[in-house]
Amino acid sequence: MSRRGSPATSAKAKHRTELLRQMLRIRRFEERCVELYSTAEIRGFMHLYIGEEAVAAGLMQALSPDDAVVSTYREHGHALARGVPMVSVMAEMFGRVTGCSRGRGGSMHLFDVSRRFYGGNAIVGGGLPIAVGLALADAMRGRPQVTACLFGDGAVAEGEFHECLNLAALWRLPVLFCCENNLYAMGTALARAQAETDLALRASSYGMPSWAVDGMDAEAVAAAGHRAVETMRGSPGPCFLELRTYRFRAHSMYDAERYRDKAEVEHWKQYDPIDRLTARMRDDGELTDETLTALGSEMDTELDGAVSEAQAGALEPVEDLTRFVYTEQP
Amino acid sequence: MTAVHTTYRDAIREALREALRDDERVFLMGEDVGRYGGCFAVSLGLLEEFGPERIRDTPLSESAFVGAGIGAALAGMRPIVEIMTVNFSLLALDQILNNAATLLHMSGGQLSVPLVIRMTTGAGRQLAAQHSHSLEGWYAHIPGLRIITPATLPDARGMLRPALECPDPVLVFEHGSLYNAAGDLDEPADAVDIDNAALRRTGTDISLITYGGTLPTTLAAAEQLAAEGIEADVIDLRTLRPLDEASILDSVRRTHHAVVVDEGWRSGSLSAEIAARITEHAFYDLDAPVERVCTAEVPMPYAKHLEDAALPQTDDVVAAARRVVG
Ligand SMILES: Cc1ncc(C[n+]2csc(CCOP(=O)(O)OP(=O)(O)O)c2C)c(N)n1
């Protein structure tokens, strides 16, 4: 017990505990996915988020349930932190009809419109125009929501990136562009793909407030997210966050990682966002071993439940293969 | 001449290596072709051998680097552009259709575009709708392009050379499920013909017409049919544009029955084109209507049982052939 009184009572401690909880959930979820992949219960392309959890955990805290989120194929963490139930994400990985996309999407195409979670897009840069459109609709209807659009540093090279920043700035649309700069697009290091590697600087050339943020620090991400969202709610127009982060695992399950040194990965592991927050909370007497153990077992329970429910989930009947090609009229 | 044991993937790499070695105008560019070794490991090791000038990693900008390939081809180079999958080629569709396919015509014959674009196509690996479609039939719609689809090891090895010699843009579609196909291949390899379809099996009762990833499916169906006493011609189109109509019609005139197997969607597909040509030119040789086995008209689902149900399977080909032969 801490000298400063019982842990997890102050608002700050609560906030931190929640960030830690989300990051741990995402990591445990993905570690389990790796096991399930090795037993072939999960298939297809699977891109792990391990190392980058601070971004999802921090950012989602800054958004309200009415805000929209547009994501990429590396979106397990985004979906979970956004509140998409773990069981429906897991069932999707298993290709079950109980999955959030009825087993049709898989790892790369998680959707939960009830939570304004608009995917899950496996075309690099493909989500940006959609985010602009969602924000346009909100702006036209006079709604106060913002749309957070997540994408990687690789997307910055696509024409659509520039077209969308321009359009959002020109029309003063509430899009929060969130670039998860993990330094690599598959095997291509940022510096090998970009003439100017300061991405926040580039976004600012479109006339929008842009910040570079330590993406390995969940608190810093949450603070930057709050600031950006407040800026956008106060005066219309987009903002840009460059979240400097790192993925500890390979690009996908097929990647032999020939393009980067083991030493580099080890170096970045010193900034593991979970370890960093844990250490900070311990230093401030906000985290006890008991809390950590409790969090761990809470997560095991949730995960075990999600896996067994997913395993037990039904498959879509083959006769329904051609459903959802056109909208079903009642 | 010796035979080496190899794979489809390695055969394509060998073809690339030979092209890079023999002609200094040839270079390879695309996303992750260098340091990563190619997203399907096709170009693995070529960076070390030929250096970053000729094995050129590009940023994620399909339209820009395909367009740059066109420009370089106009200026006398022989670029080989790799697009990871056909899905991403849609970001470069403007360059492919509005420039590569049309410059020769619009310039009154002044500008040839000797460009090779390679890409992966097809489903079967549970990659869901944004990584699994077979769109080569769309590209085969476009005059000015040559569309080739290697389905065998000799074709994987031998089609690149004539593609590079071709003065016009050639799009090479490599089916993702073929990369690990293994077998023996003669070395040094002969260039193969990219003008004519190949008869992969001969029979007297029915013509099974296919290409690319569905060739193995179709050959397996032909074996099953043979066990029932139905002998099939199996035609591998190889080149989807210009289409080798003569080979198709020759076969149909002998067998009087035809099934087209195409992993594209049925409506407005290459299979529709082939069926139409058979009806236009060999209607009175037919003993039954032409049937088609295609992918179900859905975006490709992730779940395996749904993906299997969507794709042409051996049993579907056998069943269609039985119906046609009656
Ligand atoms: C338009 C397009 N081109 C290529 C690809 C293949 N691809 C998938 S992920 C990826 C790397 C993207 O890197 P980045 O945007 O930095 O995101 P990260 O994977 O680092 O999260 C590539 C090239 C694709 N999915 N879409």
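None of the values given here were measured: they were computed from a predicted structure.

Colleague: Teacher, can you tell me more about the overall build of chain B here?
Modeller: Within chain B one finds 14 helices and 14 strands. In terms of overall size, chain B behaves like a compact globule, its C-alpha atoms giving a radius of gyration of 20 Å where 326 residues would be expected to give roughly 20 Å. A principal-axis box enclosing the C-alpha atoms of chain B has dimensions of 60 × 45 × 45 Å. Here chain B, with 326 residues, has 60% of them falling under the buried criterion.

Colleague: Help me understand the layout of surface pockets in this model?
Modeller: Summary: where empty space remains is shown by rolling a probe the size of a single water molecule over the atoms. In this structure, the second largest pocket spans a volume of roughly 470 Å³. Along the wall of the second largest pocket there are 22 residues; nearest its centre are Arg104(A), Gly105(A), His109(A), Phe111(A) and Ala129(B). Its residues placed into classes, the lining of the second largest pocket shows twelve nonpolar, seven polar and three charged.

Colleague: How do you make sense of the packing of helix α1 (residues 11-38) of chain A against helix α12 (residues 289-312) of chain A when you look at a structure like this?
Modeller: Each pair of packed helices can be summarised by the angle the axes make with each other and by the distance between the axes. Residues and elements named next belong to chain A. In the contact formed by α1 and α12, the axes pass within 10 Å of each other and the chain directions differ by 45°. If you check the angle between α1 and α12, you find them oblique. Handedness of the crossing formed by α1 with α12: right-handed. Residue-level inspection shows Leu20, Arg21, Leu24, Arg25, Arg28, Phe29, Arg32 and Leu36 of α1 in contact with α12, the latter providing Leu292, Leu295, Gly296, Glu298, Met299, Asp300, Glu302, Leu303, Asp304 and Val307. Residue classes in the contact of α1 with α12 are distributed as nine nonpolar, one polar and eight charged.

Colleague: Sorry if this is basic, but what is going on with the site of the ligand here?
Modeller: Taken together, 21 residues form the shell around the ligand, and within it Tyr73(A), Arg74(A), Gly154(A), Asn182(A) and Glu62(B) come nearest. Around the ligand, the neighbouring residues derive from chains A and B rather than from a single chain. A distance of 2.8 Å separates a nitrogen atom of the ligand from a polar backbone atom of Ala122(A). The contact in question runs from an oxygen atom of the ligand to an N or O atom on the side chain of Asn182(A), over 2.8 Å. Summarising the interface, the protein chains cover 96% of the accessible area of the ligand, which totals 580 Å² for the free molecule. Here the residues of the shell around the ligand are counted per class, giving twelve nonpolar, four polar and five charged.

Colleague: So what exactly am I meant to see when it comes to the sheet that holds strand β1 (residues 68-70) of chain A here?
Modeller: Across a sheet, strands are paired by hydrogen bonds formed along the backbone, either parallel or antiparallel in direction. Residue and element names in this part refer to chain A. Across the sheet, five strands lie side by side as β1-β2-β3-β7-β6; this open sheet has parallel pairing. One side of each edge strand has no neighbouring strand; the edge strands of this open sheet are β1 and β6 (210-214). Ignoring strand direction, the axes of neighbouring strands in this sheet form an average angle of 20°. In the sheet, β1 pairs with strand β2 (residues 147-152) via three bridges, with the strands oriented parallel.

Colleague: Even after reading the chapter, I still don't get the environment of Cys149(A), so can you show me in this structure?
Modeller: Residues and elements named next belong to chain A. Its location among the elements puts Cys149 in strand β2. A relative accessible area of 0% places Cys149 in the buried class. C-alpha separation for the pair Cys149 and Cys178, spaced 29 residues apart in sequence, amounts to 5.7 Å. Beyond its immediate sequence surroundings of up to four residues, Cys149 is in contact with Val70, Gly127, Leu128, Ala131, Val175, Leu176, Phe177 and Cys178.

Colleague: I keep staring at the confidence of the model for chain A and nothing clicks. Help me out?
Modeller: Low-confidence regions, as indicated by low pLDDT, have predicted coordinates that should not be scrutinised in detail. Of the residues in chain A, 98% reach a pLDDT of 70 or more, and the chain-wide mean stands at 95. Of the regions scoring below 50 in pLDDT, residues 1-5 of chain A engages in five contacts with residues more than four places distant in sequence or in other chains.

Colleague: Is there a simple way to think about the packing of aromatic side chains in this case?
Modeller: Each aromatic ring pair is summarised here by two numbers: the centre-to-centre distance and the angle between the ring planes. On inspection of all chains with the given rule, the structure shows 14 aromatic pairs over all chains. Considering the side-chain rings of Tyr184(A) and Tyr259(A), the 5.4 Å spacing of their centres and the 50° angle between planes classify their relative orientation as tilted. Of this pair, Tyr184(A) sits in strand β4 (residues 184-185) while Tyr259(A) sits in the loop between β7 (239-244) and α10 (262-269), placing them 75 residues apart in sequence. Arranged with centres 5.7 Å apart and planes meeting at 40°, the rings of Tyr139(B) and Phe173(B) form a pair that is tilted.

Colleague: So what exactly am I meant to see when it comes to the UniProt feature "domain: Transketolase-like pyrimidine-binding" (unreviewed entry) in chain B here?
Modeller: Mapped onto the present numbering, the UniProt feature "domain: Transketolase-like pyrimidine-binding" (unreviewed entry) falls at residues 6-181 of chain B. Note that residues 6-181 of chain B is 37% helix and 19% strand, and that its end C-alpha atoms are spaced 8 Å apart.

Colleague: Explain the UniProt feature "domain: Dehydrogenase E1 component" (unreviewed entry) in chain A here, please?
Modeller: UniProt records the feature "domain: Dehydrogenase E1 component" (unreviewed entry) for residues 22-312 of chain A in the present numbering. Segment residues 22-312 of chain A splits into 47% helix and 11% strand. End C-alpha atoms: 25 Å apart.

Colleague: What is the right way to look at the sheet that holds strand β11 (residues 232-236) of chain B in this model?
Modeller: Residues and elements named next belong to chain B. Read across the sheet, five strands follow the order β9-β11-β10-β13-β14 without closing on themselves; strand pairing throughout is mixed. Since the sheet does not close on itself, it has two edges, and those belong to β9 (198-201) and β14 (291-295), each with one partner. Sheet twist, expressed as the mean angle between neighbouring strand axes with direction ignored, is 25°. As paired strands, strand β10 (residues 206-210) and strand β13 (residues 258-265) are joined by three bridges and run parallel to one another. Directly across from Leu208, in β13, lies its bridge partner Val259. Relative to β13, helix α12 (residues 270-282) is tilted by about 155°, and along the sheet it contacts β10, β13 and β14.

Colleague: Before we go on, may I ask you to explain the domain arrangement of chain B in this structure?
Modeller: Interfaces are frequently sized by the accessible area removed from exposure as the parts join. All names here are of chain B. Each domain of chain B was delimited in the assignment, giving domain 1 (2-187) and domain 2 (198-325). One C-alpha centre belongs to domain 1, the other to domain 2; they are set 26 Å apart. The interface is formed by 29 residues belonging to domain 1 together with 24 residues belonging to domain 2. For the domain 1 and domain 2 pair, buried surface summed over both sides reaches about 2,100 Å², with 56% attributable to carbon and sulfur atoms.

Colleague: Quick question: what am I supposed to make of the interface of chain B and chain A here?
Modeller: Chain B puts 32 residues into the contact, and the matching count from chain A is 39 residues. Summed over both sides, the interface between chain B and chain A buries roughly 3,000 Å², with carbon and sulfur atoms accounting for 66% of that surface. When the buried area of chain B at its contact with chain A is split by residue, Tyr36(B), Leu60(B) and Tyr302(B) rank highest and sum to 25% of it. The interface formed by chain B and chain A holds zero salt bridges in total. Between the two partners, chain B and chain A, sit eleven residue pairs in polar contact (both at pLDDT 80 or more). Among the elements of the structure, α4 (86-89) and α13 (304-310) of chain B are those that each provide at least two residues to the side of chain B that touches chain A. Of all the elements, α13(B) adds the most residues to the side of chain B that touches chain A, at four residues. Its residues assigned to classes, the side of chain B that touches chain A shows 20 nonpolar, six polar and six charged.

What counts, and where the lines are drawn
Residues numbered from 1 in each chain as written. Chains lettered and ligands numbered in written order. Predicted model: local features only at pLDDT ≥ 70, side-chain atom pairs only at ≥ 80, totals over all residues. Heavy atoms only, no water. Helix = DSSP H or I, 4+ residues; strand = E, 2+ residues; numbered from the N terminus. Rg over C-alpha atoms; globule rule 2.2 N^0.38 Å. Buried < 20%, exposed > 50% of the residue type's maximum accessible area, 1.4 Å probe, protein only. 1 Å grid on protein atoms, 1.4 Å probe; cavity = no way out; pocket = protein on both sides within 12 Å on 5 of 7 lines; lining within 4 Å. Points joined across faces, edges and corners; volume = space filled by probe spheres on them. Nonpolar A, V, L, I, M, F, W, Y, C, P; charged D, E, K, R; others polar. Axes fitted to C-alpha atoms, helices over the stretch in contact; angles between N-to-C directions. Parallel < 35°, antiparallel > 145°, perpendicular 65-115°, else oblique. Left-handed = near helix turned anticlockwise from the far one by under 90°. Contact = heavy atoms within 4.5 Å. Near = heavy atom within 4 Å. Polar contact = N/O pair within 3.5 Å; in protein donor to acceptor, adjacent residues only side chain to side chain. Areas by Shrake-Rupley, 256 points an atom, 1.4 Å probe, with all protein chains shown as cover. Pairing = 2+ DSSP bridges. pLDDT = per-residue confidence, 0-100. Phe/Tyr/Trp six-rings, centres within 6.5 Å; stacked < 30°, edge-to-face > 60°. UniProt positions renumbered as here; feature names shortened; annotations may be inferred. Domains from an automatic or database assignment. Buried area = accessible area lost by both parts, 1.4 Å probe. Salt bridge = Lys/Arg side-chain N within 4 Å of Asp/Glu carboxyl O.

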